[in-house]
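# Chain and residue survey
These are the residues of each chain, in order.
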Amino acid sequence: MAVYTQVSTEEMTAFLHRYDVGTLLSAKGIAEGVENSNYLIETTAGRFILTLYEKRVNVDDLPFFCALTDHLAAKGLNIPRMLRDRRGEQLQTLAGRPACLIEFLSGVSVTHPTPAQARAAGGALGDMHKALGDFRLGRPNSLDLAGWGALAARCGADLDHIQPGLRGRVMAEVEWLEANWPRHLRTAVIHADLFPDNVLMLGDEVSGVIDFYFACTDIRAWDVAVTHAAWCFENDGTGYHADLGRALVAGYDRQFGLSTDERLAFPILARGACLRFLLTRAWDWLNTPADALVTRKDPIAFLRRLDFYAEADPETLVPA
Ligand SMILES: Nc1ncnc2c1ncn2[C@@H]1O[C@H](COP(=O)(O)OP(=O)(O)OP(=O)(O)O)[C@@H](O)[C@H]1O
Ligand SMILES: N[C@@H](CCO)C(=O)O
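Counting starts from 1 at the beginning of each chain's written sequence and moves along it residue by residue. Naming scheme: in the order in which they are written, chains are lettered from A and ligands are numbered from 1. It should be noted that, the model being predicted, local features are given only for residues of pLDDT at least 70 and side-chain atom pairs only at 80 or more, the latter also being counted only at that level, while totals for whole chains, interfaces and linings use all residues. No hydrogens and no water enter the side-chain calculation; it runs on all heavy atoms of the structure.

## Overview of the site of ligand 1
Basically, it comes down to this: When at least one non-hydrogen atom of a residue lies within 4 Å of a molecule or strand, that residue is treated as near it. Under this definition, polar contacts are N or O atom pairs within 3.5 Å; protein pairs additionally need one hydrogen-donor-capable and one acceptor-capable atom, and for neighbouring residues in sequence, both atoms have to be side-chain atoms. Note on areas: these come from Shrake-Rupley sampling with a 1.4 Å probe, and a residue is covered only by the protein chains present in the view. Asp, Glu, Lys and Arg are counted as charged, while Ala, Val, Leu, Ile, Met, Phe, Trp, Tyr, Cys and Pro are counted as nonpolar; the rest, among them Gly, fall into the polar class. Domain extents, as shown, originate in an automatic or database domain assignment.
Val-34, Glu-35, Glu-103, Leu-105 and Asp-211 are the nearest of the 19 residues found near ligand 1. In this structure, an oxygen atom belonging to ligand 1 sits 2.9 Å away from a main-chain N or O atom of Glu-35. When ligand 1 is considered free in solution it has 620 Å² of accessible area, and contact with the protein chains removes 92% of it. Looking at the shell around ligand 1 residue by residue, the classes come out as nine nonpolar, four polar and six charged. Each of two domains, domain 1 (9-103) and domain 2 (115-317), supplies a minimum of three residues to the shell around ligand 1.

## Quick word on the UniProt feature "domain: Aminoglycoside phosphotransferase" (unreviewed entry) in the protein chain
Spelled out, the test is: UniProt positions are given in the numbering used here, feature names are shortened, and annotations may be inferred rather than shown by experiment. Put simply, DSSP marks the helices as runs of H or I at least four residues long and the strands as runs of E at least two long, and each gets a number from the N terminus on.
Here the UniProt feature "domain: Aminoglycoside phosphotransferase" (unreviewed entry) sits at residues 27-253. Strand forms 19% of residues 27-253 and helix 37%; the C-alpha atoms that close the span are 41 Å apart.

## Points about the sheet that holds strand 5 (residues 97-103)
So the rule is basically this: Strands are treated as partners if at least two bridges between them are detected by DSSP. Only the contacting stretch of a helix is used when fitting its axis, a line to C-alpha atoms as for every element, and angles between N-to-C directions run 0 to 180 degrees. We call two residues in contact when some of their heavy atoms are within 4.5 Å.
Sheet architecture is open: five strands sit in the order 1-2-3-5-4, paired in antiparallel fashion. Edge strands, defined here as strands with exactly one partner in the open sheet, are strand 1 (24-29) and strand 4 (92-94). For this sheet the average axis-to-axis angle between neighbouring strands, irrespective of direction, equals 35 degrees. Here seven bridges tie strand 2 (residues 37-43) to strand 3 (residues 46-52), and the two strands are oriented antiparallel to one another. Note that in strand 3 the partner of Ser-37 across the bridge is Leu-52. Packed on one face of the sheet, helix 1 (residues 9-16) meets strand 1, strand 2, strand 3, strand 4 and strand 5 and runs near 120 degrees to strand 1.

## Description of the domain arrangement of the protein chain
Heads up, the rule is: Put simply, buried area is the surface a 1.4 Å probe can reach on two separate parts but cannot reach once they are joined, added for both. Any carboxyl oxygen of Asp or Glu that lies within 4 Å of a side-chain nitrogen of Lys or Arg is treated as forming a salt bridge with it.
Assigned domains within the protein chain: domain 1 (9-103) and domain 2 (115-317). The C-alpha centroid of domain 2 is placed 26 Å from the C-alpha centroid of domain 1. In this complex, domain 1 contributes 23 residues to the contact, which on the side of domain 2 involves 25 residues. Buried surface at the junction of domain 1 and domain 2, summed over both partners, amounts to about 2,000 Å²; 70% is from carbon and sulfur atoms. The interface formed by domain 1 and domain 2 contains two salt bridges. Between Lys-75 and Asp-134 there is a salt bridge, and its shortest N-O distance comes to 2.8 Å. Seen at the junction of domain 1 and domain 2, the total is seven residue pairs in polar contact (both at pLDDT 80 or more). Element by element, the count of residues in the side of domain 1 that touches domain 2 is highest for helix 2 (residues 62-74), at seven residues. For the side of domain 1 that touches domain 2, the residue count by class is 13 nonpolar, five polar and five charged.

## Some details on the side chain of His-71
Convention followed: The buried label goes to any residue with under 20% of its type's maximum accessible area, the exposed label to any with over 50%, and the partly exposed label to all in between, with areas taken from a 1.4 Å probe on protein chains only.
Counting through the fold element by element, His-71 comes out in helix 2. Note on His-71: relative accessible area 17%, which makes it buried. Beyond its immediate sequence surroundings of up to four residues, His-71 is in contact with Ala-131, Leu-132, Asp-134 and Phe-135.

## Examining the site of ligand 2
Taken together, Glu-35, Asp-193, Phe-195, Phe-214, Arg-276, Phe-277, Arg-281 and Lys-297 make up all the residues around ligand 2. A distance of 3.4 Å separates an oxygen atom of ligand 2 from a polar side-chain atom of Glu-35. When isolated, ligand 2 has an accessible area of 260 Å², and the protein chains bury 95% of it. Across the shell around ligand 2, the residue classes tally to three nonpolar, no polar and five charged.

The following block contains the structure:
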């Protein structure tokens, strides 16, 4: 359960008084998520999400995330806005943490997507990339190729405690990606973490995209590769579902589209995506405090995906 920071009822009540959102009826910690503390708040005016930003979110980046979500919501996409208090402020401090009150969107995250749902997710990603065409801000990706190398070095020999031989495999992959990374591809602002748990769905429709806290400027097609790796396998990384892969890319192509160069580089981008999640999960696996109410995610599930992409043929994976 991702509640790292406990907020007392008194603190919560005083916090809500800054906004025009009625009075507190209930506040429950949300079990899903690993990065931030999230509460579902019910007031006399409706439902809201309260997020307290933890470890990986840099407070200096919060204005970028506010501007990004405002931009996408203004374009009519189903993106929850970070609400403004009576003084017009979006960013707050609560229980000693940076915090935001966020619009609640209906919908559920799917655990076993159907091809129709994967197509809708690909379409939502394409819509986002289209809507970001005129977004002028940027944010460097701290979890890019250089960041993966640095994180791998910080995990060091402890990687072998997760699985014998993992350190050597990871270091070889970092080296291979450094030699082969498609640096010529177009960059843009991307979501960079579009896992099924960050997409809210009603039936086969996307009712919301959440969790923009890894959004950054990087290779745009890498966002498609991250989404592909997140949506098209069993949770443990076994069993690639080609029907989901085809549907997701078709949904994306319909709304935005991959170039020939992006298709050719897709397995390399996907290997980079797998390494990114393998490493952040490995770091969390090795460093999550014993008293944190959070379920650690399995790094090896992304090693299995990496093995798949290392053998994959771009023509089959993302046919034109
Ligand atoms: N705006 C929203 N409307 C409805 N539900 C939301 C909203 N924001 C978050 N949630 C719920 O809270 C859960 C956790 O949110 P979120 O994924 O942002 O947390 P996180 O700790 O940043 O997660 P992650 O591990 O995916 O990075 C989501 O799975 C969803 O159920
Ligand atoms: N979506 C990520 C967590 C956020 O980095 C994962 O499943 O590992």
